[in-house]
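Summary of the model geometry
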Amino acid sequence: MKALNKPTLGSAVLLLLFLAAWQWGPGLLGMPEFVLPKLSRVLEEGVAMWRNSGLLEHTAITTLEIIAGFALGALLGVAIGVALGLSPTTEAVLSPYILALQIAPKVAFAPLFVMWLGYTVYPKILIAVLIVFFPVMINVLSAIRTVDPDMINLVRAMSASRWQIFRLVEFPSAMAALFSGLRIASTLAVIGVTVGELVGGNKGLGFLLVDSEGQGNTAGVFVAIVMLTLIGVLAYSAVVWAEKRVLHYLPKANLSTV
């Protein structure tokens, strides 16, 4: 138990050092508040935004957009990754277009989605879907392609159907890679939604960030950044939690969070 507690203790000490540096560092370095407000000032601004600026409502909206974008993007990535993994011909036909879509900067799509869908939640979700889709798709595709052929031949020798081969061998073999992609996607979903809110949002933490920046309220900007970071950490932790329960049969070393 002592060995297990050392990483947690080390992380807690680093967090305390970081918070202490944030609180007293700006004063020691002579930084003005509009450049880097101290921690207590950010906390005060957070309380004020909670009471007067609807911080809870904006946080809830951004969280729901992230969940929706992550879920839809992951489902799309799994579906296309499986389809391409099972059909080399399909991959050869579609991969250039998928690659082109991935290379195109997602920020450039944001104004277009806003013009199409208006100042609603849909442009933000759509950008998150585009960002989440690719890492999940690539991981699933690679895992499907690298399944042990001996396992497939063994199941086929037992008169298994094509669906049974996929359900019993190929998809379970891809689960570890799928969760690796989901870990990455959980953080990218936060980025996607934030980009959408920065470009064309009238609600959400991205909107609060832009609004605070326009007022020269540096502490308010930090409040929005902190809230977005917390959402990202919780999303990543949720994926790790699900991974440990779904892949409980794997060695623990394969389920580390780093």
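Structure: see above.
Read on for an overview of the structure. (Residues numbered from 1 in each chain as written. Predicted model: local features only at pLDDT ≥ 70, side-chain atom pairs only at ≥ 80, totals over all residues. Heavy atoms only, no water.)

**Remarks on the pattern of salt bridges**
Going through the model one piece at a time under the given rule, you end up with 4 salt bridges. For the salt bridge of arginine 41 with glutamate 33, the shortest nitrogen-to-oxygen distance reads 3.1 Å. A salt bridge links glutamate 91 to arginine 145; the nearest nitrogen and oxygen atoms lie 2.6 Å apart. Remark: arginine 145 occurs in helix α6 (residues 122-145) and glutamate 91 occurs in helix α4 (residues 88-103); sequence separation between them is 54 residues. Overlapping salt bridges, with partners in common, bring together Glu33, Arg41 and Glu45 in one network. (Salt bridge = Lys/Arg side-chain N within 4 Å of Asp/Glu carboxyl O. Helix = DSSP H or I, 4+ residues; strand = E, 2+ residues; numbered from the N terminus.)

**Considering the nonpolar core**
Note on soluble globular proteins: their nonpolar side chains tend to be buried together. If you look at the biggest cluster of nonpolar residues, it comprises 33 residues, and the most contacted ones within it are Leu55, Val136, Val140, Leu178, Leu182 and Leu205. Of all the elements in the fold, those that place two or more residues in this core are α2 (39-52), α3 (55-86), α6, α8 (162-200), α9 (205-214) and α10 (218-246). Filtering out sequence-adjacent residues up to four positions away, leucine 55 remains in contact with Gly46, Met49, Trp50, Leu205, Leu208, Val223 and Met227. (Core = buried A, V, L, I, M, F, W, Y, C linked by side-chain atoms within 4.5 Å. Buried < 20%, exposed > 50% of the residue type's maximum accessible area, 1.4 Å probe, protein only. Contact = heavy atoms within 4.5 Å.)

**Some details on the layout of surface pockets**
Approximately 210 Å³ is the volume found for the largest pocket. Those elements giving two or more residues to the lining of the largest pocket turn out to be α3, α8 and α10. A total of 7 residues in the lining of the largest pocket trace back to one element, the largest contributor, which is α10. When its residues are assigned to classes, the lining of the largest pocket shows 11 nonpolar, 3 polar and no charged. Counted as a void, the second largest pocket has a volume near 180 Å³. (1 Å grid on protein atoms, 1.4 Å probe; cavity = no way out; pocket = protein on both sides within 12 Å on 5 of 7 lines; lining within 4 Å. Points joined across faces, edges and corners; volume = space filled by probe spheres on them. Nonpolar A, V, L, I, M, F, W, Y, C, P; charged D, E, K, R; others polar.)

Spatial relationships are all this shows, so hold off on functional conclusions.
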